[in-house]
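Tertiary structure, described
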Amino acid sequence: MIRTNTIELKPTKQEKMILKDLLVRSSAMWNLGNYKKRQAFFKKSRIPSSYKLAEILKTHPLYIVLGSAYAQQILNKLQEAWNSFFGLLKSKKVRGKVGLPRYFKNRRVNQTTPGLLICRNDCYRIDNQYIYISCPKDLKQAYGIKGLLRVKYNGVLNWKGKQKRMELKYIPYIKKFYAYQVVDTDPTPVEYNSHHLSSGDIGIKRYLVNYIKNTKDFVVLYPSQHVFKEYMKLSKKILKLQSIAKKENGLYSTNRIRRLFLKRKRKLANYVNNIIADFCKHLIDNNVSKYIVGDLSHIRDTELPVYFKNKKKVNMMIQNFWSFDLLIQKLRNKCEQFGIEFEQINERGTSSTCPVCGKKVKPNDRTFKCKNCGYKQDRDVVGSIQILNKYLQDNNMNLRVENHPIVSSILIEN
Ligand SMILES: [Zn+2]
């Protein structure tokens with residue numbers, strides 16, 4: 001399985017200059033290749049592949065100062081960007097809103113910006129403290145470097161395995177370099193019992209509610225209102241700054257706004273990681289063989305706190321960016337790592353049907369109350385029970401599901 005190690009580079013002043021120079025050269029190569037591709041695209045002629053571009057450009061001064069290994073890698077990356085552009089064009093969802101792959105360029109001063117450098121798997125080394133990358137001859141001479149360029153880093157390599165390529169990025173609004181090392185690693189399967197299953201319901205007030213089917217069934221849920229509040233506070237601040245920036249100088253974004261976006265994203269990612277780490281312990285301790293999660297079709301306005309209702313923009317923002325995709329992706333990855341099967345199922349109707357008598361119940365608040373049989377339960381717990389019931393039904397499995405499981409609420413600080 002493919003995983004990525006993310007580390008922050010800690011270059012010295014001199015190394016910073018070398019890295020910037022290298023990244024500008026790489027960006028220049030990207031821009032040149034991108035220009036050729038865009039020309040062909042607008043002329044409706046055949047768009048040159050990365051291989052073809054390398055052929056055409058290999059005598060170009062920009063290609064030579066970067067070196068062929070780096071040049072080929074960045075052209076391949078450009079190819080990927082174009083492939084995903086064409087992929088998006090085909091998907092109906094975003095038609096009309098897709099832009100061509102962009103240039104690494106500061107338009108105001110018409111300058112190439114340090115963007116991205118890609119090191120082929122056999123062109124770098126990494127140990128517990130440093131990365132070592134190859135460096136063009138003229139830079140080596142200018143700075144008196146022998147062999148590979150060595151740069152210190154902060155962070156831990158979480159994933160070990162066969163090393164694939166490594167990407168170096170410069171993020172201008174925080175003035176930092178990051179390295180992303182891709183690794184192909186083996187899963188570490190755990191012992192499981194095929195009758196032990198777990199089902200998850202995803203929401204806003206409780207980010208994740210999981211039913212665990214074991215010899216004794218129980219539910220673990222993760223309340224997330226504290227995180228949501230902070231997330232919304234940051235979002236509101238971003239919206240406010242955006243409207244100020246637009247009014248004052250016609251800009252859509254400023255460095256301050258970008259930093260806030262990054263802060264919001266990191267806080268949430270951190271929280272998600274902590275929840276998943278905790279939950280995974282439960283999956284492993286209970287020998288769960290399969291994890292089933294709903295497909296989020298039920299998250300609608302009723303879930304939103306009152307003070308945001310009817311504000312279209314905020315609602316959209318939550319749907320798009322409260323990062324359910326990220327949560328699902330991370331759950332899937334974790335399951336894969338431990339050899340636990342993962343499945344997403346259509347959860348339509350699951351949270352509005354009584355698990356005891358099967359009657360429809362109109363959900364109005366946090367508590368699920370069935371007028372027909374008197375069953376009472378936390379609404380999200382019912383959601384997780386019903387996702388499991390639906391899965392068992394769909395697969396003709398005859399396992400008992402406890403309608404009154406022990407529920408433990410685990411508060412994970414943000
Ligand atoms: Zn009922």
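Coordinates for the structure precede this section.
These lines cover the structure that appears in this document, whether it is placed above or below.

Cut-off values and rules
Residues numbered from 1 in each chain as written. Predicted model: local features only at pLDDT ≥ 70, side-chain atom pairs only at ≥ 80, totals over all residues. Heavy atoms only, no water. Core = buried A, V, L, I, M, F, W, Y, C linked by side-chain atoms within 4.5 Å. Buried < 20%, exposed > 50% of the residue type's maximum accessible area, 1.4 Å probe, protein only. Contact = heavy atoms within 4.5 Å. Axes fitted to C-alpha atoms, helices over the stretch in contact; angles between N-to-C directions. Helix = DSSP H or I, 4+ residues; strand = E, 2+ residues; numbered from the N terminus. Parallel < 35°, antiparallel > 145°, perpendicular 65-115°, else oblique. Left-handed = near helix turned anticlockwise from the far one by under 90°. Nonpolar A, V, L, I, M, F, W, Y, C, P; charged D, E, K, R; others polar. Expected span 1.5 Å × (residues − 1). Salt bridge = Lys/Arg side-chain N within 4 Å of Asp/Glu carboxyl O. Donors = N, O, S within 2.8 Å, 3.2 Å for Na, K, Ca; no water. Tetrahedral: all angles 85-135°; square planar, octahedral: opposite > 155°, others 65-115°. Pairing = 2+ DSSP bridges.

1. Observations regarding the nonpolar core
L9, I131, I133, M166 and L168 are the most contacted members of the largest nonpolar core, which totals 42 residues. Excluding its chain neighbours within four sequence positions, the residues that come into contact with M166 are L117, I118, C119, Y124, I126, I131, I133, A179, Y180 and Q181. Counting 33 residues, the second-largest nonpolar core is a separate cluster that includes V220, L268, I328 and C335.

2. Some details on the packing of helix α1 (residues 13-42) against helix α4 (residues 68-90)
It is the contact of α1 with α4, at a shortest axis distance of 9 Å, that shows an interaxial angle of 45 degrees. The angle between α1 and α4 places the two elements in the oblique class. Where α1 crosses over α4, the two elements pack in a sense that is right-handed. Only Y70, A71, I74, L75, K77, L78, Q79, A81, W82, F85 and F86 of α4 make contact with α1, whose side of the interface consists of L22, S26, M29, W30, G33, N34, K37, R38 and F41. Of the residues belonging to the contact of α1 with α4, the class tally is 13 nonpolar, four polar and three charged.

3. Some points on α4
If you check α4, its first and last C-alpha atoms are 33 Å apart, about what 23 residues at 1.5 Å a residue would give, namely 33 Å. In this fold, the buried residues of α4 make contact with α1, α2 (50-57), α3 (61-66), β4 (116-119), β6 (130-133) and β8 (162-171).

4. Here's the deal with the pattern of salt bridges
Applying the stated criterion across every chain, the model contains 18 salt bridges. With a shortest N-O distance of 3.7 Å, E55 and K58 are connected by a salt bridge. We classify E55 as partly exposed; its relative accessible area is 42%. Classification of K58 by relative accessible area gives partly exposed; the value is 44%. Residue D378 is joined to R206 by a salt bridge in which the shortest nitrogen-to-oxygen separation is 2.8 Å. Residue D378 is located in strand β16 (residues 376-378), and its partner R206 is located in strand β11 (residues 206-213); the two are separated by 172 residues in the primary sequence.

5. Points about the coordination of the zinc ion
Tetrahedral coordination by four donors puts the ideal angle at the metal at 109.5 degrees, and octahedral coordination by six puts it at 90 or 180 degrees. The protein atoms that coordinate the zinc ion are C354 (SG), C357 (SG), C370 (SG) and C373 (SG), at distances of 2.3 Å. In this structure, the zinc ion is coordinated by four donor atoms arranged in tetrahedral fashion, with angles at the metal of 103 to 113 degrees. Written as a sequence motif, the donor arrangement for the zinc ion is C-x2-C-x12-C-x2-C. For C357, a relative accessible area of 32% gives the class partly exposed.

6. Focus on the sheet that holds strand β1 (residues 2-9)
The seven strands are arranged β4-β8-β9-β1-β7-β6-β5 in an open sheet whose pairing can be described as antiparallel. The sheet is open, and its two borders are formed by β4 and β5 (124-126), each paired with just one other strand. Recorded for the sheet is a direction-independent mean angle of 30 degrees between the axes of neighbouring strands. As judged from the three bridges shared by β5 and β6, these two strands associate in the antiparallel manner. Across the sheet, residue R125 finds its bridge partner in β6, namely Y132.

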